[in-house]
Amino acid sequence: MILSVQGLKFRYPSRPVFENIDFSVMKGDCLAVLGTNGAGKSTLLKCLNRILQPQSGVVCILEEEVFKLKLTELAQRVGYVAQKHESPRNTVFDAVLLGRKPYIKWDVTDRDLEVTNQVLKLLELEEYSLRYLDELSGGELQKVVIARALAQEPDLLLFDEPTSNLDLKNQLEVINLIKKVVKRQGIAAIVTMHDLNLALRFADKFLLLKNGTVFAAGGIEVITPENIERVYSLPVTIEKYRDIPVVIPL
Amino acid sequence: MKHKLSIITGKPGRADVYQQYTGRKKVILLLLSLLTFVLAVFAVNAGAIDFNPYQVLMTILGQGSSVSHVVIWNIRLPRVLAGIIAGAGLSVAGCVMQNNLRNPLASPSTLGIANAAAFGANMAIIVFEAGSIQSTSADAVVINNPYMVAASAFIWSMAATLAILMLAKLKGFSPEAMVLAGVAIGSLFSAGTIIVQYFAQDVKVAAVVFWTFGDLGRASWKEVIIMAGLIGLALGYFMVRRWDYNALDSGEETAKGLGVNVERVRLGGMFVSSLITAVAVSFLGIIGFIGLVGPQIMRRIIGGDHRFLIPASALMGALLLLVSDTMARTIITPVVLPVGAITSFLGAPLFLYLLARGQQKR
């Protein structure tokens, strides 16, 4: 088991977000976190790697409690790709090399450079390595931040809406890339998503949030028209097109 | 150590190209250091009494005449070194503040330090009688007790800094809130200064205005050594933190995801950069603009990677202040113009040029 979450509870001073969140993630899992705007999907991700401090609950990564790890130790295990990025005047190589931050003591080692290289190659970003970040397209930039998270050599990757600003082609490219990396490296990924159909193509596990707690969790069997209707308050039907389930609002 | 990615094998790729790219940045650093050194020698030469570089060298090695010994060891060398050290300190403080506060307009004066230091000097000179006026051909105004003025400026500027940092820590201020708090504190101290000056005799106001001009000539060896020690330590601290600053540049959440304790890094960076600013301002008076423009110039030339940006900003600051002071001393000798004004005269056009060039490239 890569991640286990028990009894997680978080509230902002002015409002509760969620409580009693339990789930786990195994090696090779791609978990999609689904729910309406404000359901607490992004907040949940941030509680998993201590960007936010939950009020109670236990989060274990590879059987170790997250809140007992040093921040750098945690960053060696969990990579996080935020929803918003800033692009300082740095090259792609610089940005990916920054993913080695949790390992760097004083200066970069040969291994840091080697890992950066391999990640660039894996994501087919080699040609871009000396391009400046502020000269990249949205899709290219998204790949770069994924590359940075991979350079952390994590066991678990967290993605907050990785496809929200991308065109259709780039959306598919990015989710297929995440899936490929997860399966190939034997790690796991948790992704928050709004697009149900993209989630159905990508994920093998689903976590549905509603009213501040887990409404349903499990494999493809939890994606039923009834569940979707109750989570999103919208009647839907689910059809299959070439074996891929497609959610259609009614 | 995990080696998960090593299953992907292949021939060596882009790291060598990248190392060429960082190599170029190292060359820039080297050139800047050389330029600073050459200008420092020139600056020691320049002045009312002309020496040649050979005489300067011999005097520094203890072989010069008694006149050159006095002029170079007691007057010019401390002044030139003060310029290099304070310029480096102010510029590197600006570099770290711009990063920590996520604000390209941040500078050593952002947290109201300059205003607080000026208030401290006003208090010392006007209320505690540390200054008086004396007419000589060279300087119209002399401050009787410079140590009291420096101490008062330092205490007030650190009080202003600590007030903001405490608020930030206790109330969880965002960088924007810290900048706004700095503006508020700054205007509070300006108001205090106006009130103090309003009730003061005009000779004392003249003395305090003279103080605020900023003058490298105030530094003796003692000040130079104190500044060198503190600014040297601060540079070391900033270099230890350079990867944290790089991570912060990619956004706060990304930095946290990379294992950076953002709050601690920010409070530490702000404290240390405020400290060195307060020391420089207290000893030398207010020298504006270098802290804003030094790091911005280098960001455009060497990029945003703090491994190179921190030393480059320090060197650019040293260079700017050194050139400004040398010009201030030599344009209309023996009159020494206020160096703070010259820094802006030199720095602003250079900065505007770089801004315009940067826009064109896009």
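That block above? That's the structure.
Residues numbered from 1 in each chain as written. Chains lettered and ligands numbered in written order. Predicted model: local features only at pLDDT ≥ 70, side-chain atom pairs only at ≥ 80, totals over all residues. Heavy atoms only, no water.

This paragraph deals with the environment of Glu64(A). Residue and element names in this part refer to chain A. Tracing the backbone through its elements, the reader meets Glu64 in strand S5 (residues 64-65). Taking C-alpha positions, Glu64 is 9.7 Å from Ser4, a pair spaced 60 residues apart along the chain. Apart from the residues within four sequence positions on either side, Glu64 is in contact with Val59, Leu69 and Arg77. Within polar-contact distance, the side chain of Glu64 engages the side chain of Arg77 at 3.1 Å. (Helix = DSSP H or I, 4+ residues; strand = E, 2+ residues; numbered from the N terminus. Contact = heavy atoms within 4.5 Å. Polar contact = N/O pair within 3.5 Å; in protein donor to acceptor, adjacent residues only side chain to side chain.)

To continue, consider the packing of helix H9 (residues 242-249) of chain B against helix H13 (residues 306-330) of chain B. All names here are of chain B. The interhelical angle for the contact between H9 and H13, taken along N-to-C directions, is 110°, at an axis separation of 8 Å. With respect to each other, H9 and H13 are oriented roughly perpendicular. The residues of H13 that touch H9, namely those facing Arg242, Trp243, Tyr245, Asn246 and Asp249, are His306, Arg307 and Ile310. Looking at the contact of H9 with H13 residue by residue, the class counts come to three nonpolar, two polar and three charged. (Axes fitted to C-alpha atoms, helices over the stretch in contact; angles between N-to-C directions. Parallel < 35°, antiparallel > 145°, perpendicular 65-115°, else oblique. Nonpolar A, V, L, I, M, F, W, Y, C, P; charged D, E, K, R; others polar.)

With 51 residues of chain A in contact, the opposing surface of chain B contributes 42 residues. Both faces combined, the contact of chain A with chain B buries some 4100 Å², and carbon together with sulfur accounts for 55% of it. Per-residue buried area on chain A facing chain B is highest for Leu98(A), Lys101(A) and Trp106(A); these three make up 14% of the total on that side. Linking chain A with chain B are four salt bridges. The salt bridge involving Lys46(A) is made with Glu253(B); its shortest N-O contact spans 2.8 Å. Counting residues per element, the ones that place at least two in the side of chain A that touches chain B are helix H2 (71-77), strand S6 (78-81), helix H3 (92-97), helix H4 (110-122), helix H5 (138-151) and helix H6 (168-185) of chain A. Taken together, the residues of the side of chain A that touches chain B sort by class into 24 nonpolar, eleven polar and 16 charged. (Buried area = accessible area lost by both parts, 1.4 Å probe. Salt bridge = Lys/Arg side-chain N within 4 Å of Asp/Glu carboxyl O.)

Residue and element names in this part refer to chain A. If you walk through the whole model with that rule in mind, you get 23 salt bridges over all chains. In this structure, the salt-bridge partner of Glu153 is Arg111, at a minimum N-O distance of 2.7 Å. With Glu153 in the loop between H5 and strand S7 (156-160) and Arg111 in helix H4, this residue pair connects regions lying 42 residues apart in the sequence. Glu153 gets classed as buried once you look at its relative accessible area, which sits at 2%. Between Glu173 and Lys143 there is a salt bridge; the shortest N-O distance is 3.4 Å. Taken as a pair, Glu173 in helix H6 and Lys143 in helix H5 lie far apart in primary sequence, 30 residues in all. Salt bridges linked by common partners bring Arg100, Arg111, Asp112 and Glu153 together as one network. (Buried < 20%, exposed > 50% of the residue type's maximum accessible area, 1.4 Å probe, protein only.)

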